[in-house]
Amino acid sequence: GAGVSQSPSNKVTEKGKDVELRCDPISGHTALYWYRQSLGQGLEFLIYFQGNSAPDKSGLPSDRFSAERTGGSVSTLTIQRTQQEDSAVYLCASASTDTQYFGPGTRLTVL
Amino acid sequence: GNSVTQMEGPVTLSEEAFLTINCTYTATGYPSLFWYVQYPGEGLQLLLKATKADDKGSNKGFEATYRKETTSFHLEKGSVQVSDSAVYFCAYSGGSNYKLTFGKGTLLTVNP
């Protein structure tokens, strides 16, 4: 079956602009995660959605970061007023049990 | 706090050599343990997992055993191939949100 998909695969933006990153999880997976992979910090947890429960936002690095999940499926990660330190690969994962399956990621470059 | 420590790379081996990548963790409770692999230019793929003490995860010739007494989950393969060249990440999940906590990754290069 189809895996986790993310779009765009690459995004180049200017400092101060807003960006939206999209994730389509595996159908039927109730849990959805966002992570960030950067050279300096490795892989970091950002946010977690489970069904209709309130999301766990404990990993978001600042209030410029937000995410939503519509209809328990597609999720969008929004970064407002991007900064150069936001440059990273943003990974989405979905899960139905304790095993998470990752998408290919979105490489974000902030100039 | 909770963390994962894995062997720093890079690791360079010849084809058919034996591979060990050490991984230890610090966590409360009974986490599930994972190895993920990232091939060049690709996303993270689950390689293997173990969910309780003494479980052995295995896949594609790789193995790792969940050792609670030493809080370790070392990755081994008896004979590596060039196609195993990748970055390997050790991780655990636990807590109410099951988020993954990753090690820093180990770059493996296998030469023919």
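Residues numbered from 1 in each chain as written. Chains lettered and ligands numbered in written order. Predicted model: local features only at pLDDT ≥ 70, side-chain atom pairs only at ≥ 80, totals over all residues. Heavy atoms only, no water.

**Quick notes on the overall build of chain B**
Along chain B, the regular secondary structure elements total zero helices and 12 strands. Scaling as 2.2 N^0.38, a compact globule of 112 residues should have a C-alpha radius of gyration of about 13 Å, and chain B matches this with 13 Å. When its C-alpha atoms are laid out on the principal axes, chain B stretches across 45 × 25 × 20 Å. Counting the 112 residues in chain B, one finds 45% classified as buried. Total accessible area computed for chain B in this model is approximately 5,400 Å², and 48% of it derives from carbon and sulfur atoms. In chain B, which carries 9 positive and 10 negative side-chain charges, the distance between the mean positions of the two groups comes to 9 Å. (Helix = DSSP H or I, 4+ residues; strand = E, 2+ residues; numbered from the N terminus. Rg over C-alpha atoms; globule rule 2.2 N^0.38 Å. Buried < 20%, exposed > 50% of the residue type's maximum accessible area, 1.4 Å probe, protein only. Areas by Shrake-Rupley, 256 points an atom, 1.4 Å probe, with all protein chains shown as cover. Lys, Arg positive; Asp, Glu negative; His and termini not counted. Charge placed at Lys NZ, Arg CZ, Asp CG, Glu CD.)

**Quick word on the environment of Asn59(B)**
Residues and elements named next belong to chain B. With respect to the secondary-structure elements, asparagine 59 resides in strand E7 (residues 56–59). The exposure class of asparagine 59 is partly exposed, given its relative accessible area of 29%. Considering only alpha carbons, one finds asparagine 59 and glycine 29, 30 residues apart in sequence, at a separation of 26 Å. For asparagine 59, the residues in contact, after removing those within four places along its chain, are Leu46, Leu47 and Leu48. Reaching out from asparagine 59, the side chain makes a polar contact with the backbone oxygen of leucine 47 at a distance of 2.9 Å. (Contact = heavy atoms within 4.5 Å. Polar contact = N/O pair within 3.5 Å; in protein donor to acceptor, adjacent residues only side chain to side chain.)

**What about the pattern of salt bridges?**
All names here are of chain B. Inspection of every chain in the model, using the stated rule, returns seven salt bridges over all chains. Among the salt bridges present, the one from aspartate 55 reaches lysine 52, with a minimum N-O distance of 3.4 Å. You can call aspartate 55 partly exposed: its relative accessible area is 21%. Aspartate 84 is paired through a salt bridge with lysine 77; the nearest N and O atoms lie 2.8 Å apart. For the pair aspartate 84 and lysine 77, a shared accessibility class is recorded, and that class is buried. (Salt bridge = Lys/Arg side-chain N within 4 Å of Asp/Glu carboxyl O.)

**Observations concerning the interface of chain B and chain A**
Taken residue by residue, the interface counts 17 residues in chain B and 15 residues in chain A. Taking both partners together, chain B and chain A bury about 1,400 Å²; carbon and sulfur atoms supply 54% of that area. Across the contact surface, chain B and chain A share one salt bridge. Asp98(A) is paired through a salt bridge with Lys49(B); the nearest N and O atoms lie 3.2 Å apart. Put simply, chain B and chain A have nine residue pairs in polar contact (both at pLDDT 80 or more) between them. If you list the elements that add at least two residues to the side of chain B that touches chain A, you get strand E5 (32–38), strand E6 (44–50), strand E10 (86–93) and strand E11 (100–102) of chain B. Sorting elements by how many residues they give to the side of chain B that touches chain A places E5(B) first, with four residues. Tallied by class, residues from the side of chain B that touches chain A come to eight nonpolar, seven polar and two charged. (Buried area = accessible area lost by both parts, 1.4 Å probe. Nonpolar A, V, L, I, M, F, W, Y, C, P; charged D, E, K, R; others polar.)

**Concerning unusual backbone geometry**
A cis geometry characterises the amide bond from Ser7(A) onward to Pro8(A), with omega recorded as -10°. As for its position among the elements, Pro8(A) is in the loop between strand E1 (5–7) and strand E2 (10–13). With omega at -5°, the peptide bond leading from Gly9(B) into Pro10(B) counts as cis. As for its placement among the helices and strands, Pro10(B) is situated in the loop between strand E1 (3–6) and strand E2 (11–14). Positive phi outside glycine occurs at Glu16(B), with the angle close to 75°. Mapped onto the secondary structure, Glu16(B) falls in the loop between E2 and strand E3 (19–21). Note on Glu16(B): relative accessible area 59%, which makes it exposed. Even without glycine at this site, Asp54(B) takes up a positive phi of about 75°.

**Side note on the pairing of E1(B)**
Residues and elements named next belong to chain B. The two faces of E1 differ: Val4 and Gln6 on one face are buried, but Ser3 and Thr5 on the other face are not. Here four bridges tie E1 to strand E4 (residues 23–26), and the two strands are oriented antiparallel to one another. Paired with threonine 5 across the two strands is threonine 24, which belongs to E4. (Pairing = 2+ DSSP bridges.)

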